[in-house]
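Architecture at a glance
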Amino acid sequence: MPRFTHWIATSLAAMLVACGPGTGGTGTGNDVGLADFGAVAASVCGASFADGLLCLPGATGTASGPSSAIDAQGTQTVRFIDSLQGARIVAQFNANSVVLDARCQGLNFAGDWGVTAQGDARYFGSTLQDGSAQRAPTSLAVEGSGAGSAAKLTATLRDGNGRVLLGPFTLVPAPATLPAPGPC
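Presented here is an overview of the structure given in this document. Note on numbering: residues in each chain are counted from 1, in written sequence order. Owing to the predicted nature of the model, reporting of local features is limited to residues with pLDDT of at least 70; listing and counting of side-chain atom pairs is limited to 80 or more, with chain, interface and lining totals taken over all residues. Hydrogens and waters are ignored; side-chain quantities use all the structure's heavy atoms.

Some remarks on the pattern of salt bridges
Convention followed: Counted as salt bridges are all cases of a side-chain nitrogen of Lys or Arg within 4 Å of a carboxyl oxygen of Asp or Glu. Between buried and exposed lies partly exposed: a residue is buried under 20% and exposed over 50% of the maximum accessible area for its type, with that area taken using a 1.4 Å probe on protein chains only.
The full count for this structure, using the stated rule, is 3 salt bridges. For the salt bridge of Arg122 with Asp120, the shortest nitrogen-to-oxygen distance reads 3.2 Å. What makes Asp120 partly exposed here is its relative accessible area of 30%.

Points about the state of the cysteines
Basically, it comes down to this: A pair of sulfur atoms, both from cysteines and within 2.5 Å, is called a disulfide here. To qualify as a helix, a DSSP run of H or I must reach at least 4 residues; to qualify as a strand, a run of E must reach at least 2; elements of each kind are numbered from the N terminus.
Tallying each qualifying case throughout the model produces 2 disulfides. Put simply, Cys104 and Cys184 are joined by a disulfide, and their sulfur atoms are 2.0 Å apart. Between Cys104 and Cys184, the S-S torsion sits near -85°, and that sign places the bridge as left-handed. One end of the pair, Cys104, is in the loop between β5 (97-102) and β6 (107-116); the other, Cys184, is in the segment after β10 (164-173), with 80 residues separating them in the sequence. Under the relative-accessibility criterion, Cys104 is labelled partly exposed at 28%. Assessed through its relative accessible area of 70%, Cys184 is described here as exposed. Bonded cysteines in the protein chain are paired 1-2, 3-4 when counted in the order they occur along the chain.

Regarding the environment of Asp112
The topology assignment puts Asp112 in strand β6. Sequence separation between Asp112 and Val44 is 68 residues; the distance between their C-alpha atoms is 8.9 Å.

Looking at the packing of aromatic side chains
Operational definition: The aromatic pairing rule takes the rings of Phe, Tyr and Trp, using the six-membered ring of Trp, and pairs them if the centres are within 6.5 Å, calling planes under 30 degrees apart stacked, those over 60 edge-to-face and the rest tilted.
In the structure shown here, the tally under the stated rule is 7 aromatic pairs. Consider the rings of Phe80 and Phe93, whose centres lie 5.7 Å apart with planes at 85°: the pair is edge-to-face. Here the residue Phe80 occupies a position in strand β3 (residues 75-81), and Phe93 occupies one in strand β4 (residues 89-95), the gap between them amounting to 13 residues. An identical accessibility class is assigned to Phe80 and Phe93; each is buried. Their ring planes at 55° and their centres at 5.8 Å tell us that Phe93 and Tyr123 sit as a pair that is tilted. Here the residue Phe93 occupies a position in strand β4, and Tyr123 occupies one in strand β7 (residues 121-129), the gap between them amounting to 30 residues. Both residues of the pair, Phe93 and Tyr123, belong to the buried class. Among the aromatic residues, those joined into a ring-pair cluster are Phe49, Phe80, Phe93, Trp113 and Tyr123.

A short note on the side chain of Thr138
What counts is decided by this rule: The definition of a polar contact used here is a pair of N or O atoms within 3.5 Å, where within protein one atom must be able to donate a hydrogen and the other to accept one, and adjacent residues in sequence count solely through side-chain atom pairs. The criterion used for residue contact is that any of the two residues' heavy atoms lie within 4.5 Å.
Along the chain, the position of Thr138 falls in strand β8 (residues 136-145). The class of Thr138 is buried, set by a relative accessible area of 1%. Only 2.8 Å separates the side chain of Thr138 from the side chain of Thr127, close enough to count as a polar contact. A distance of 2.8 Å separates the side chain of Thr138 from the backbone oxygen of Ala136, its partner in a polar contact. Excluding its chain neighbours within four sequence positions, the residues that come into contact with Thr138 are Phe37, Phe109, Tyr123, Phe124, Gly125, Ser126, Thr127, Leu157, Arg158, Asp159, Gly160 and Leu165.

Everything listed here is a matter of coordinates, which is why it stays silent on function.
Put into structure tokens, the structure is as follows:
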């Protein structure tokens, strides 16, 4: 029986690896991208809140698109949290993408910075709710004030129909070591 158990475990692991992240897919079976929102990729370094990010010197693109190869790189990795006394929301910005985890709401958002033909610039992507197997089209609007360690971001997460899922909420730069999670 131990060989049979080992065979089942090995087979299950192989199946999970075959359809998970890193194999060209998201591991969720559906992909939602900028085109689904009628948006095109743009540099987050041209966004109104870029002073709070870690854009490379010279990255001064507009919200409508990158103006150089430096702009296209977006921001270096930076994290923001909702509270220094116990984070319940963590957003990690990297390049022109963001991943936001709202622990208490059971939401995970992943998206890319883009702009629509109407000039609507935001992160377009999808949300996975706890207990769901499907990612749903979602967008994250971000506004900012201040720069560096004094930066504050105000964000609102909306579903594909524009209904507010979360927010508006305020985020501040996270310390190198995240604080312990706060109560929900």
